[in-house]
Amino acid sequence: MGSILSCSVSLDSVISQICNHIALQVSPITSLADRLRALRTALQELEAGQNDVQRRVDVAERGGHLKRLDQVQVWLSAVEALIAEAHALIEAATQENNNKCLGGCCPRNCTSTYKLGKKMAKKMEQILASTSKGQFDVVAERLPLVPVNIRPSEPLVGFESLFERVWRFLEDEQVAIIGLYGMGGVGKTALLTQIHNTLASSPHDFDHLIWVNVSTNQSLEGIQEKIGKKIGLDEPEWANQSMEEKYEDISRVLHGKKFVLLLDNLWEQLDLSKAGVPLPSEQNGSKIVFTTRSEIVCAQMDAQKKIKLDCLGPTESWELFRKKVGDDSINCHPDIPELAKIVATECGGLPLALITIGRAMACKRSPQEWSHVITTLKNSATEFPDEALELVPDELE
């Protein structure tokens, strides 16, 4: 009787151990379907997070001058690989789950199912960790702006009040387009240069400062290339793109940005929208300032403020001319001061003429040379066209 009891107890112990072992082995097997559902749900959340981060990166980079953070790129690359691995694992688990025996109650291979369950559990941990790491507050950082150089310029003489007036318009939210007009040589470029240099050397909230010298018969594609260079689109391959592609690139960079576009020497109406430049408005805060000889062009360009530059008065003309000649040259002979004042008067108040001729006369120290210049100027056109300015220095050699 005792031996029978001993055998019964021993058999019960063996059965208990076997049941415990089976329970350990069956646990991941019986939960395969649940693990599969959980893994799919976690993967969907990770893919949604990946899409959200990628969308934020695309929007930031599409605006120009923003670049994704390195840690964001590392996360995106890692997630892409993890998603591919998870999809492969889900496919394998789905096949395993569909290949059960005994009416779909038990797996055909308990060992492989058990191992598969462990892989799914590990992959679930990786997916949850990656989802947690993908909560980025910032996905991109601003790139350094294209450096803006100070342009060589002449001192503004007699136009200080005009500069202050233009500057007030730049600060006025209701003024988007400003036209500076006047005859050749009156100082339009000097004034525009002063505006550029002041913006380039002082704090402001503009994203781009763009200077474009518009030559005679300038093509729209030429304008695009000059603008593109100023906003960082000057790669060699970019120059070979079509006008439409350049249009799209310029529009992409400047869209939503606050910029100042300075156009010098505009001869006719220019449709900037065809070049990809967003029209300035109160909403985007951008500005366009241009110079032209024609008031009609100001109207065609929809300038809200048209500012005419007139010739300098006698006092300002003499001050500018005397600075360029130098007091040593003017006072080197008692007859020269009076002759110098006549030369300054003959320049007609045009800053370009006063500067060009003043520099040429800086080395002339005889009254005869000064008298010869006066004769040359009197024989020139009364409005002192650009052609005369180019020839006068040769006459003074």
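Remember, it's a predicted structure, so these values are computed and weren't measured experimentally. (Residues numbered from 1 in each chain as written. Predicted model: local features only at pLDDT ≥ 70, side-chain atom pairs only at ≥ 80, totals over all residues. Heavy atoms only, no water.)

Asks: Run through the pairing of strand β7 (residues 259-264), naming residues and quoting values.
Replies: By the criterion of burial, β7 is predominantly enclosed, with six of the six residues buried. The two faces of β7 match: F259, L261 and L263 on one face and V260, L262 and D264 on the other face are all buried. Where strand β6 (residues 208-213) meets β7, six bridges bridge the pair, whose relative direction is parallel. Across the sheet, the residue bridging to L209 is V260, located in β7. Bridge analysis of β7 against strand β8 (residues 287-292) gives four bridges, and the strand direction is parallel. Residue L261 lies in a different strand from β8, and its bridge partner there is I288. (Buried < 20%, exposed > 50% of the residue type's maximum accessible area, 1.4 Å probe, protein only. Helix = DSSP H or I, 4+ residues; strand = E, 2+ residues; numbered from the N terminus. Pairing = 2+ DSSP bridges.)

Asks: Residues and numbers for helix α7 (residues 220-230), please.
Replies: Two residues of an α-helix separated by three or four positions point the same way, owing to the 3.6 residues in each turn. Buried residues of α7: G222, I223, Q224, I227 and G228, and no others. On the buried face of α7, the contacting elements are β6, α8 (236-239) and α9 (243-254). Where α7 ends, the next residue or the one after it, G232, has phi of about 95°, a positive value. (Contact = heavy atoms within 4.5 Å.)

Asks: Please provide a residue-by-residue account of the packing of aromatic side chains, values included.
Replies: In the structure shown here, the tally under the stated rule is four aromatic pairs. Both rings, one in F163 and one in W167, keep their centres 5.8 Å apart while their planes meet at 25°; by these two values the pair is stacked. Separated by four residues within a single helix, F163 and W167 lie in helix α5 (residues 160-171), roughly one turn from each other. An aromatic cluster is built from W318, F321 and W370, whose rings are joined through pairwise contacts. (Phe/Tyr/Trp six-rings, centres within 6.5 Å; stacked < 30°, edge-to-face > 60°.)

Asks: Can you lay out the sheet that holds β7 for me, pointing to particular residues and giving the numbers?
Replies: Strand order across the open sheet formed by five strands is β6-β7-β8-β5-β9, with parallel pairing between neighbours. In this open sheet, the two edge strands, each paired with only one partner strand, are β6 and β9 (305-308). In this sheet, adjacent strand axes meet at a mean angle of 15° when their direction is disregarded. (Axes fitted to C-alpha atoms, helices over the stretch in contact; angles between N-to-C directions.)

Honestly, it's all geometry; don't read function into it.
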